[in-house]
Number of protein chains: 2
Amino acid sequence: MTRSKFARFPAVLLLCLIATNAGAAEDPLSSWNDGAAKSAITHFVHITTNPASPDFVPPAERIAAFDQDGTLWVEHPIYTQVIYALDRVPALVKAKPELANVEPFKTVLSGDRDAIGKLSTDDLFKILAATLTGMSVDDYRDQVKKWLDDARDPRWRQPFTALAYQPMIELLKYLRANGYRTYIITGGGQDFVRTYAEDVYGIPPEEIVGTAGATRYGYDKDGRPVLTKEPKLLLDDDKAGKPEGIHLMIGRRPYAAFGNSTGDRQMLEYTKAGAGERLAMLVLHDDAQREYAYGPAQGLPATKVGTFTQALYDQATREGWVVISMKSDWKRIFTFEP
Amino acid sequence: MTRSKFARFPAVLLLCLIATNAGAAEDPLSSWNDGAAKSAITHFVHITTNPASPDFVPPAERIAAFDQDGTLWVEHPIYTQVIYALDRVPALVKAKPELANVEPFKTVLSGDRDAIGKLSTDDLFKILAATLTGMSVDDYRDQVKKWLDDARDPRWRQPFTALAYQPMIELLKYLRANGYRTYIITGGGQDFVRTYAEDVYGIPPEEIVGTAGATRYGYDKDGRPVLTKEPKLLLDDDKAGKPEGIHLMIGRRPYAAFGNSTGDRQMLEYTKAGAGERLAMLVLHDDAQREYAYGPAQGLPATKVGTFTQALYDQATREGWVVISMKSDWKRIFTFEP
């Protein structure tokens, strides 16, 4: 985490300053077009934060849950963490030369994109286990941070952290300005997302719930305590694992939840099942020109990465979840747009 | 959680009110005698919260970690959660009459204290699994809350929640008033502690890290989402499991850690190994008259519940951890004392 110029002020004073400025007239959701999605958000915030409202939610209970891949940042053509794992293979083989002729590492090293694209799920898990575990949690964080500094995405040639959606960053800030804590609930690796979530989304490590592996406590050669990342899965934070992870790590039911795929269904169901007013929203990727278009809901092209089925779309309609159209609800998608 | 009269005020306003009153002259640690332990606490807080100090810690990083049993409340003669599990057995057998003649439930039902005291660890795990899992997380919380309302401890005839140590409650408040977030890191059940920690310690569910089992997401007969507690251990939050649990649930190294037994050793090592000023403290139970006396450190009687070995005591001396003597450092232990 970088220490900002505010870091030396006590939190209490900072909050008081924020409170004093709360009356400013600027639209906190300026990258959103007026419409049902934007209205659903502002209506929800008004009725849950107005002390006179029957749906008022005490500040301590204001939890909003956000999926990450495809909801807060780009997930196509492939999850960023998978690109990271593939990019780590050369360094891995340098440290363990015996892997150079072992599959699937051999294929990854070949650089043959077609062959890499055809790797099985089992092969992919071997690569993830080899590149995401075995090191200390500190070394892992440093490796990811360095990669994020250097790597560029294949389409826009931007740092991956620039592929966060500006309307969602505004939404996170808007909710926090109204007393909500904004948690990420991601199928991605918890430690991976923690390395950049504070800088990119303003979300601290303790508010990241993700797919998590075990660590092992031990000591380095100088006797200093070290936590080593182990290839043992503790929480598969996808589908049913999302509400389970929310209970494990937070212990409170969210009042608002945001996703974009069938992996978020249970989280949205769980959120909406709570008493009082709850908000559930799904981002629909229907903008091939500015980002990507995939479903297969609403006749959009099918995909294996971030599948949004018609059944999910129908459930959203039936249960009052709000679908966000990237194409029509978002005025601007990225900050780097002209 | 009960809604206090403050619950309807925005958190920001509340914090501003607290800030305004921060200059009040009352001793926030009035149940502590003057001495090395109290000085260690106030010195640590001063140098980590004064912006001019080289050991200043930004508010977002101010994490303090507290063991619970034996550190925040009484753990002798036996952990409160074990008493809860034993007390649940009649209700369990009522729901499943076939268990009445099955060990270890038969022994528990007999009420024979000697026989119950001799149950093996395996038997105890059977009782814990049967009484702490199988129900929804909501039902479990209700069962624990009801028990806590009714049950009384065998020595003082107080509700178990009255057995929290007043000096530690003051310490929690003092740290929070100085921008620290106070996490519980307990070998006890995470969901068990969450049921009362907000009322007793002012610590919300998301700041409880404990031994945690899996939950299973499903639907009740009306199709409503339900999380059911499963007899599958995800995190054994004791010994090495404490720093592992801290990484899993918080992702930041604490600046201060408080324990009372060998189960807290790794948490204190991990805390002290961080850069800058860190505080590590151990409560020594050396007051048989007002509470209990056990070690076996310093010639105190040996115990299986909350063992404080001489090796731990020596490590504390060697590594600059501060030992709190209940007898001499605490002016008052319980609020119910005359």
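The coordinates are above.
Residues numbered from 1 in each chain as written. Chains lettered and ligands numbered in written order. Predicted model: local features only at pLDDT ≥ 70, side-chain atom pairs only at ≥ 80, totals over all residues. Heavy atoms only, no water.

(A) Layout of the overall build of chain A. The helix and strand tally for chain A stands at 14 helices and seven strands. Since a compact globule built from 338 residues should have a radius of gyration of about 20 Å, the 21 Å found for chain A is in line with a globular shape. Dimensions of chain A, computed from the C-alpha atoms along their principal axes, are close to 65 × 55 × 40 Å. Across the 338 residues of chain A, 54% fall into the buried class. When contacts within chain A are restricted to residue pairs at least 6 apart in sequence, long-range pairs at least 24 apart make up 64% of them. (Helix = DSSP H or I, 4+ residues; strand = E, 2+ residues; numbered from the N terminus. Rg over C-alpha atoms; globule rule 2.2 N^0.38 Å. Buried < 20%, exposed > 50% of the residue type's maximum accessible area, 1.4 Å probe, protein only. Contact = heavy atoms within 4.5 Å.)

(B) The arrangement of the packing of helix α11 (residues 241-249) of chain B against helix α12 (residues 265-272) of chain B in detail. Residue and element names in this part refer to chain B. At a closest axis distance of 7 Å, the pairing of α11 and α12 adopts a crossing angle of 55°. The pairing of α11 with α12 is recorded here as oblique in orientation. Facing α11, whose interface residues are K242, P243 and I246, α12 presents Q266, M267 and Y270. A per-class count over the contact of α11 with α12 returns four nonpolar, one polar and one charged. (Axes fitted to C-alpha atoms, helices over the stretch in contact; angles between N-to-C directions. Parallel < 35°, antiparallel > 145°, perpendicular 65-115°, else oblique. Nonpolar A, V, L, I, M, F, W, Y, C, P; charged D, E, K, R; others polar.)

(C) Looking closely at the sheet that holds strand β5 (residues 256-259) of chain A. Residues and elements named next belong to chain A. Spatially, β4-β3-β2-β1-β5-β6-β7 is the arrangement adopted by the seven strands of the open sheet, whose pairing is mixed. This sheet does not close on itself; its edge strands, each paired only once, are β4 (225-235) and β7 (322-325). Within this sheet the neighbouring strands show an average axis-to-axis angle of 35°, counted without direction. The pairing of strand β2 (residues 181-189) with strand β3 (residues 208-219) spans four bridges and is parallel. Residue G189 lies in a different strand from β3, and its bridge partner there is T211. Here helix α2 (residues 36-49) sits on the sheet in contact with β5, β6 (279-284) and β7, set at roughly 155° to β6. (Pairing = 2+ DSSP bridges.)

(D) Main features of the packing of helix α3 (residues 80-95) of chain B against helix α6 (residues 121-132) of chain B. All names here are of chain B. Viewed as axis vectors pointing N to C, α3 and α6 meet at an angle of 65°, and their least axial separation amounts to 9 Å. Relative to α6, the element α3 lies roughly perpendicular. Note on packing geometry: the crossing formed by α3 with α6 is left-handed. Residues Q81, V82, Y84, A85, L86, R88, V89 and L92 of α3 pack against L124, I127, L128, A130, T131 and L132 of α6. Among the residues making up the contact of α3 with α6, the classes are represented as eleven nonpolar, two polar and one charged. (Left-handed = near helix turned anticlockwise from the far one by under 90°.)

(E) Up close: the pattern of salt bridges. All names here are of chain B. Enumeration according to the criterion identifies 36 salt bridges over all chains in this entry. When the shortest N-O distance is used, the salt bridge between D27 and K38 registers 2.6 Å. With D27 in the loop between α1 (11-20) and α2 (36-49) and K38 in helix α2, this residue pair connects regions lying eleven residues apart in the sequence. A relative accessible area of 34% places D27 in the partly exposed class. (Salt bridge = Lys/Arg side-chain N within 4 Å of Asp/Glu carboxyl O.)

(F) Seen up close, the sheet that holds strand β4 (residues 225-235) of chain B. Residues and elements named next belong to chain B. Read from one edge to the other, the open sheet built from seven strands follows the order β4-β3-β2-β1-β5-β6-β7, with strand pairing classed as mixed. Each end of this open sheet is capped by a strand with a single partner; those strands are β4 and β7 (322-325). Adjacent strand axes in the sheet meet at a mean angle of 35°, parallel and antiparallel pairs treated alike. As paired elements, strand β5 (residues 256-259) and strand β6 (residues 279-284) share four bridges and run parallel to each other. Along β6, the bridge assignment pairs G259 with L282. Together, β1 (63-66), β2 (181-189) and β5 form the strand contacts of helix α8 (residues 166-177), whose direction differs from that of β1 by roughly 165°.

(G) Region of the structure containing helix α13 (residues 310-319) of chain A. Residue and element names in this part refer to chain A. Listing the buried residues of α13 in full gives L312, Y313, Q315 and A316. Down the axis, α13 shows its buried residues gathered within 160° of arc, on one side only. Facing away from the buried side of α13, by more than 90 degrees, are the exposed residues A311, T317 and R318. Buried-residue contacts for α13 involve α12 (265-272), β6 and β7. Of the residues trailing α13, G320 is marked for its positive phi of about 75°. (Arc of directions from axis to C-beta.)

(H) Spatial organisation of the packing of aromatic side chains. All names here are of chain A. Within the structure shown, the criterion is met by 34 aromatic pairs over all chains. Taking the centre distance of 5.9 Å and the plane angle of 80° together, the rings of W156 and Y292 count as edge-to-face. Pair noted here: W156 is in the loop between α7 (137-150) and α8 (166-177) and Y292 is in the loop between β6 and α13, with a separation of 136 residues, a long-range link. A residue is classified by how much of its surface remains accessible, and Y292, at 16% relative accessible area, is buried. Within the aromatic cluster, the residues linked to one another by ring pairs are W32, W156, Y165, Y292, W330, F334 and F336. (Phe/Tyr/Trp six-rings, centres within 6.5 Å; stacked < 30°, edge-to-face > 60°.)

(I) Fine view of unusual backbone geometry. Cis geometry is adopted by the peptide bond preceding P104 of chain A, which originates at E103 of chain A and carries an omega value of 5°. Of note, the amide linkage connecting G295 of chain B to P296 of chain B takes the cis form, showing an omega dihedral of 20°. For P296 of chain B, the location among the structural elements is in the loop between β6 and α13 (310-319). Backbone geometry places K239 of chain A, a non-glycine residue, at a positive phi of 50°.

(J) The environment of W321 of chain B, seen in detail. Residues and elements named next belong to chain B. Residue placement: W321 occurs in the loop between α13 and β7. Given a relative accessible area of 5%, W321 falls into the buried group. Considering only alpha carbons, one finds W321 and K272, 49 residues apart in sequence, at a separation of 8.6 Å. Ignoring any residue separated from it by four or fewer positions in sequence, one finds W321 in contact with R265, L268, E269, K272, A280, L282, L312, Q315 and A316.

(K) Main features of α3 of chain B. Residue and element names in this part refer to chain B. With 16 residues, α3 should cover 22 Å at 1.5 Å per step; its first-to-last C-alpha distance of 23 Å lies within 8% of that length. At V89, α3 is deflected by roughly 35°, the largest bend along its length, and proline P90 occurs up to four residues later in sequence. All buried positions along α3 are accounted for by T80, Q81, V82, I83, Y84, A85, L86, V89, L92 and V93. In this structure, the buried residues of α3 make contact with α4 (105-110), α5 (113-117), α6, α7 (137-150), β2 and α9 (190-194). (Expected span 1.5 Å × (residues − 1). Bend = angle between axes of the 7 residues up to and from the residue.)

(L) Broad picture of the pairing of β7 of chain B. Residues and elements named next belong to chain B. Bridge count for β6 against β7 is four bridges, and the pairing is parallel. Bridging across to β7, L282 finds its partner in V323. Each parallel crossover has a hand, and for β6 linked through α13 to β7 it is right-handed. (Right-handed = clockwise from strand over helix to strand, strands pointing away.)

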